[in-house]
Amino acid sequence: MKAERTFFQRLRRYYALFTAGFAAFLVALAVLEQEGMSRAWIGYLFMFATIILYASIGVLSRTSNVLEYYVAGRRVPAVFNGMATAADWISAASFISLAGGLYLHGFDGLAYIMGWTGGYVLVALLIAPYLRKFSQYTIPDFLAERYAGNGGRGRAVRILAVAATIIVSFTYVVAQIYAVGLIASRFTGVDFSVGIFLGLASILVCSFLGGMRAITWTQVAQYIIILVAFLIPAMWLSAKHSGNPIPQVAYGKLLPRLGAREAQLNRDPGELEVRGVFRQRADEYQARLDALPASWDSGRIAAQRKLDIVKQHGASLVDIRSAERAVLAYPKNPDDAARLWADARAQNLARAEPITPHATPFPGADRAQSDAKRNNFLALVFCLMLGTAALPHILMRAYTTPSVHETRVSVFWTLFFILLIYLTIPALAVLVKYDIYSVLVGSRYDQLPSWVSYWANVDKVNPLISIVDVNHDGIVQLAEIAIDGDVLVLATPEIAGLPYVISGLVAAGGLAAALSTADGLLLAISNALSHDVYYKLVDPTASTQKRVTISKLLLLAVAFIAAYAASQKPADILSVVAAAFSLAASTLFPALVLGVFWKRANYQGAVAGMLAGFGVCVYYMLHTNPVLGGSAAGQWLHIEAISAGIFGVPAGLLTLAGVSLLTPAPDRRTRALIAYVRAPEQQ
Amino acid sequence: MTAMLLTLWLVTGFCTAYFARELATLSVFGWPLSFYLAAQGSSLVYLAIIGCYAWRMRRLDRDFDEERQ
């Protein structure tokens, strides 16, 4: 007990020192910026300083002890485990995209907040304490032991659980590494793939040398950076608009004002005019679509002729370039044209829509549409909750605390630390929306703030923000702004009028969020491979030294494969990341929960249930997700593909229960294990 | 106990979202009630549920220990 306490105090001292050091670093950079240091250098300094910091924590906590490597010696105090889990949890998507999603979708986006926080109730009540009581190393460990079968060793269950762990974690980790590349390349100007490998280097030094132990202590540091980076701009913006620096409280006052502004903009003649222009453009695309394939021919000839005319008349280089680009970008054949023009038509139609009020739940044209939206909202919340409760890299952390009680407390702290960020996200979305609606909209084109032009030029192919004077009146209308949700958090410091240092800080925060999640995921994958596949199935006699070495080598291999996958810029993978939650929920959740709470669940039931849950979920996604070759027409009850788990989970539960009842009950050893896991621990 | 807290979880999670349109007309300190619940209220209730559970289970564990001795 005494040793534990001094360990805790020492940790607290280290992290207090770290926070102070980080604050000093920020102040020093702010002073340097005043002295005229360039933006690029601030970007470099942030990126390298944080990466070196993570790497040195990794070096300091290097280990080759099995217990330390897999579960950080099971002595992480609850508060710190909570912080580390929160960093593990807050991915690049939460940090960068979630506020943007709320900005764009209003109430409907709140499903993510509800789902991602509600899942922790399930983790705390149904899963984590029992896993800790069981005291092994990985999630497949628990499932294989619990569903050992009569006299068997649960091979099939273990293999299925490993497969699910890898599929879920791998899609997720690719997205994180992709985000690392994106942030690094935007803020320092290095090439996208160089950014990926820089990030990878820091992930590797950390997890390769010290496994769970190094990752835990790095994640605590990363959490502190994430928190500071997220709160400073939000507080500043909140103070600017409402005079109250606590955004979570202040935005209640702004919400009615935002609503009034939305109603006003909906009636504004300028806005109506711009929307009319977009509707007209959509109609033009419709006319061209109707006239295919003849319209494709005539359009191609027209584009070519325009280029010729421009060239002959000695127009400016800019005009020639744009005419050339128009010819190059012209659809290659009528099918291509049909697809491109249909997209363009949909885009223009979307921009012709009036504003949907931010705080209205489930806006829809009629009751049925609104009901469908509500059902989708509920289905998404359900999938995200159960998915959270079945994500291997989060559950894995339940093993690292000193006792079962500490595990329960640590889930409490996890949610607490997550909420510090998550309660700010809806506030930030409202604040930025209010700022853009009331300051940017209505300003003159010759006086656009500098952040607009900066972010418009960051990515030339798919601009993050674009403002075009559609109706040529020299004044910005809301309908003229096209904004990518991802830019919101990154640009907040500039929107709020803060110095560039804070932008660098936000980028470092996004980087920390992506790296910490990637760390945890890579460890989950490599542990599943080395511990469950290699040690438990291939070579049960391997020495502990050998097991850790194998684990490290696998980590290296997985990391490089993931980085390679990310460097291919896989748009498809990114769109299915949210689907990872549905997959985790359908495959792992029924087996985990019934494993603890239903003694009758057996080996055959678990195998069938996991297969059924996975099968139904994947089938529904393939069937309804356009990216994967399905179509929205195949939807059941109008539920979108992202919430496939709403069908997968019941399928898994029912199959598990049905097959278990049809086959013999589990043997005495398994029943004893359940009784042990559920009994209170001795203190 | 677990069942009770889970019911509470279910109610905060799904009922408030199901009836969000009806609740939207009420307002607390400027927030429409359904927006507040979805954005902050439900998350805070979740935190309270977990806190309650951890605290209560610790008491139960202790009582159990004393009985055993």
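Residues numbered from 1 in each chain as written. Chains lettered and ligands numbered in written order. Predicted model: local features only at pLDDT ≥ 70, side-chain atom pairs only at ≥ 80, totals over all residues.

Caption draft 1: Region of the structure containing the overall build of chain B. Looking only at helices and strands, chain B has 3 helices and 2 strands in total. Order of helices (α) and strands (β) in chain B, N terminus to C terminus: α-α-β-β-α. Split into buried and exposed, the 69 residues of chain B put 38% on the buried side. (Helix = DSSP H or I, 4+ residues; strand = E, 2+ residues; numbered from the N terminus. Buried ≥ 20, exposed ≤ 12 C-beta atoms within 10 Å, placed from the backbone.)

Caption draft 2: Region of the structure containing the overall build of chain A. Check the secondary structure of chain A and you find 27 helices and 2 strands. In terms of overall dimensions, chain A is globule-like: its C-alpha atoms have a radius of gyration of 27 Å, near the 26 Å expected for 683 residues. Considering chain A as a whole, with its 683 residues, one finds that 51% of them fall into the buried category. (Rg over C-alpha atoms; globule rule 2.2 N^0.38 Å.)

Caption draft 3: Looking closely at the nonpolar core. One finds Ile177 and Ile226 of chain A together with Ile50 of chain B to be the most contacted residues of the largest nonpolar core, which totals 236 residues. Sorting elements by how many residues they give to this core places helix α9 (residues 192-242) of chain A first, with 24 residues. Leave out the neighbours within four places in its chain, and Ile226 of chain A touches Ala87, Ile90, Phe95, Ile421, Gly509, Ala512 and Ala513 of chain A. (Core = buried A, V, L, I, M, F, W, Y, C linked by C-beta atoms within 7 Å. Contact = placed C-beta atoms within 7 Å.)

Caption draft 4: Expanded view of the environment of Gly115 of chain A. Residue and element names in this part refer to chain A. You can see Gly115 is positioned in helix α6 (residues 110-134). Along the backbone, Gly115 and Gly243 are 128 residues apart, and their C-alpha atoms lie at a distance of 31 Å. Gly115 has contacts with Leu380, Val381, Leu384 and Met385, leaving out every residue within four places of it along the chain.

Caption draft 5: Structural view of the packing of helix α8 (residues 155-188) of chain A against α9 of chain A. Residue and element names in this part refer to chain A. The geometry of α8 relative to α9 is characterised by a closest axis approach of 7 Å and an angle of 115° between their N-to-C directions. Pair α8 / α9 crosses with right-handed handedness. Along its contact with α8, which presents Ile177, Val180, Gly181, Ala184 and Ser185, the element α9 presents Phe192, Ser193, Gly195, Ile196, Leu198, Gly199 and Leu200. (Axes fitted to C-alpha atoms, helices over the stretch in contact; angles between N-to-C directions. Left-handed = near helix turned anticlockwise from the far one by under 90°.)

Caption draft 6: Seen up close, the environment of Gly595 of chain A. Residues and elements named next belong to chain A. Along the chain, Gly595 turns up in helix α24 (residues 579-597). C-beta crowding within 10 Å serves as the criterion here: with 25 such atoms nearby, Gly595 is assigned to the buried category. Each C-alpha atom of the pair Gly595 and Gly645 lies 19 Å from the other, and the pair is 50 residues apart in sequence. Ignoring sequence-local partners within four residues, the contact set of Gly595 consists of Leu143, Arg146, Tyr147 and Ala601.

Caption draft 7: Seen up close, the environment of Ile225 of chain A. Tracing the backbone through its elements, the reader meets Ile225 of chain A in helix α9. Sequence spacing of Ile225 of chain A and Tyr535 of chain A is 310 residues, and the spatial spacing of their C-alpha atoms is 37 Å.

Caption draft 8: The arrangement of the confidence of the model for chain B in detail. Counting all residues, the mean pLDDT for chain B is 74, and 68% of those residues have values of 70 or more. Predicted complex metrics record ipTM = 0.86 and pTM = 0.85. (pLDDT = per-residue confidence, 0-100.)

Caption draft 9: Representation of the packing of α9 of chain A against helix α10 (residues 247-267) of chain A in the model. Residues and elements named next belong to chain A. One can describe the packing of α9 onto α10 by two numbers: an axis separation of 10 Å at closest approach and a directional angle of 35°. Where α9 crosses over α10, the handedness of that crossing is left-handed. Of the residues in α10, those touching α9 at Ala234, Met235, Ser238, His241 and Ser242 are Pro247, Ala250, Lys253 and Leu254.

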